[in-house]
Amino acid sequence: LMIWFKPTTLDELRQRIASRPGLSSHLGIEFTELGPDFLSGRMPVDERTHQPYGLLHGGASCVLAETLGSVAGGLVVDREAARVVGLEINANHIKAVSRGFVVGTARPLHVGKTTQVWEIRIETEESRALVCISRLTLAVVRAR
């Protein structure tokens, strides 16, 4: 079942996001798959995303999770009438990673008129081992 407000393609999404560079582009985050009810993306584990001891920084995992959940949340609403903004994010860091890529997938747990809750699973690209599980709560607000 398609949950997106308007049909969009992965290429359209990439172009729209690329026109607004920010933290996610600085960290090398790229969108990799747009399904009927999920959005996936990957992020390199390298000097941009390491903490001082050479492991994936928990904050970088949160950036990946919030990027995927917020973009997916924005696809669910009528962008002429509403926007989504982050209210709360939590993340449990399960496995240390020092190199390669991690892949995150955002899926909705709740899509309401005023709030959305998204679960974002972050796994290693190579073995799909769970690295981080995150939950993002978004507020749906009127567009200005």
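Read on for a plain summary of the structure.

## Re the overall build of the chain
For the chain, the helix and strand inventory stands at three helices and six strands. In the chain, the succession of helices and strands from N to C terminus is α-α-β-β-α-β-β-β-β. Whereas a compact globule of 144 residues would reach a radius of gyration of roughly 15 Å, the chain reaches 15 Å, a difference of no more than 12%. The buried share of the chain, reckoned over its 144 residues, is 41%. Counting contacts in the chain only where the partners sit at least 6 residues apart, residues at least 24 apart contribute 64% of the total. By element, 52% of the accessible surface of the chain is carried by carbon and sulfur atoms, the whole surface being about 8,100 Å². Looking at charge distribution, the chain has the averaged site of its 17 positive side-chain charges lying 5 Å from that of its 15 negative ones.

## Describing a positive patch on the surface
Among the surface-exposed residues, Lys-6, Arg-16, Arg-20, Arg-79 and Arg-83 lie close enough to one another that they form a single positively charged patch. As for its placement among the helices and strands, Arg-79 is situated in the loop between helix H3 (58–76) and strand E3 (82–93).

## So, the pattern of salt bridges
All chains considered together, the criterion is met by seven salt bridges. A salt bridge links Glu-30 to Arg-42; the nearest nitrogen and oxygen atoms lie 2.5 Å apart. Of the two residues, Glu-30 is situated in strand E1 (residues 30–34) and Arg-42 in strand E2 (residues 39–45); the sequence distance between them amounts to 12 residues. Glu-125 is the partner of Arg-42 in a salt bridge, and the nearest nitrogen-oxygen pair spans 2.9 Å. Of this pair, Arg-42 sits in strand E2 while Glu-125 sits in the loop between strand E5 (115–124) and strand E6 (130–142), placing them 83 residues apart in sequence. Classification of Glu-125 by relative accessible area gives partly exposed; the value is 32%.

## Section: the environment of Ile-133
Within the element layout of this structure, Ile-133 appears in strand E6. Between the C-alpha atoms of Ile-133 and Arg-121, which are 12 residues apart in sequence, the distance is 4.8 Å. Aside from chain neighbours lying at most four places away, what touches Ile-133 is Asn-90, Ala-91, Asn-92, Glu-119, Ile-120 and Arg-121.

## What about the state of the cysteines?
Overall, the coordinates contain zero disulfides when judged by the stated rule. Between Cys-62, a free cysteine, and Cys-132, which holds the nearest cysteine sulfur, the sulfur-to-sulfur gap is 6.0 Å. A relative accessible area of 1% means that Cys-132 is categorised as buried.

## Details of the nonpolar core
By size, the foremost hydrophobic cluster in this structure holds 34 residues, and its most contacted members are Leu-39, Met-43, Leu-56, Val-102, Trp-118, Ile-120 and Ile-122. With nine residues, the single largest contributor to this core is H3. Discounting residues that sit within four places of it in the chain, Val-102 has contacts with Gly-41, Arg-42, Met-43, Val-45, Leu-56, Leu-64, Val-97, Ile-122, Glu-123, Glu-125 and Val-131.

## A look at the pairing of E5
Side-chain positions along a regular strand alternate between the two faces of the sheet. Of all 10 residues in E5, seven are buried, a share of seventy percent or more. Two elements, strand E4 (residues 100–111) and E5, share nine bridges in a ladder whose sense is antiparallel. Within E5, the residue paired with Val-102 across the bridge is Thr-124. Taken together, E4 and the strand that follows it, E5, pair antiparallel across an intervening segment of three residues. Bridging between E5 and E6 involves nine bridges; their strand directions are antiparallel. What sits directly across from Trp-118, in E6, is Leu-136. Between E5 and E6, which pair antiparallel and follow one another directly, the connecting turn spans five residues, one of which, Arg-128, has a positive phi of 60°.

Rules and cut-offs
Residues numbered from 1 in each chain as written. Predicted model: local features only at pLDDT ≥ 70, side-chain atom pairs only at ≥ 80, totals over all residues. Heavy atoms only, no water. Helix = DSSP H or I, 4+ residues; strand = E, 2+ residues; numbered from the N terminus. Rg over C-alpha atoms; globule rule 2.2 N^0.38 Å. Buried < 20%, exposed > 50% of the residue type's maximum accessible area, 1.4 Å probe, protein only. Contact = heavy atoms within 4.5 Å. Areas by Shrake-Rupley, 256 points an atom, 1.4 Å probe, with all protein chains shown as cover. Lys, Arg positive; Asp, Glu negative; His and termini not counted. Charge placed at Lys NZ, Arg CZ, Asp CG, Glu CD. Patch = residues over 30% accessible without salt bridge, like charges linked within 9 Å, V, L, I, M, F, W, Y side chains within 5 Å. Salt bridge = Lys/Arg side-chain N within 4 Å of Asp/Glu carboxyl O. Disulfide = S-S within 2.5 Å. Core = buried A, V, L, I, M, F, W, Y, C linked by side-chain atoms within 4.5 Å. Pairing = 2+ DSSP bridges.

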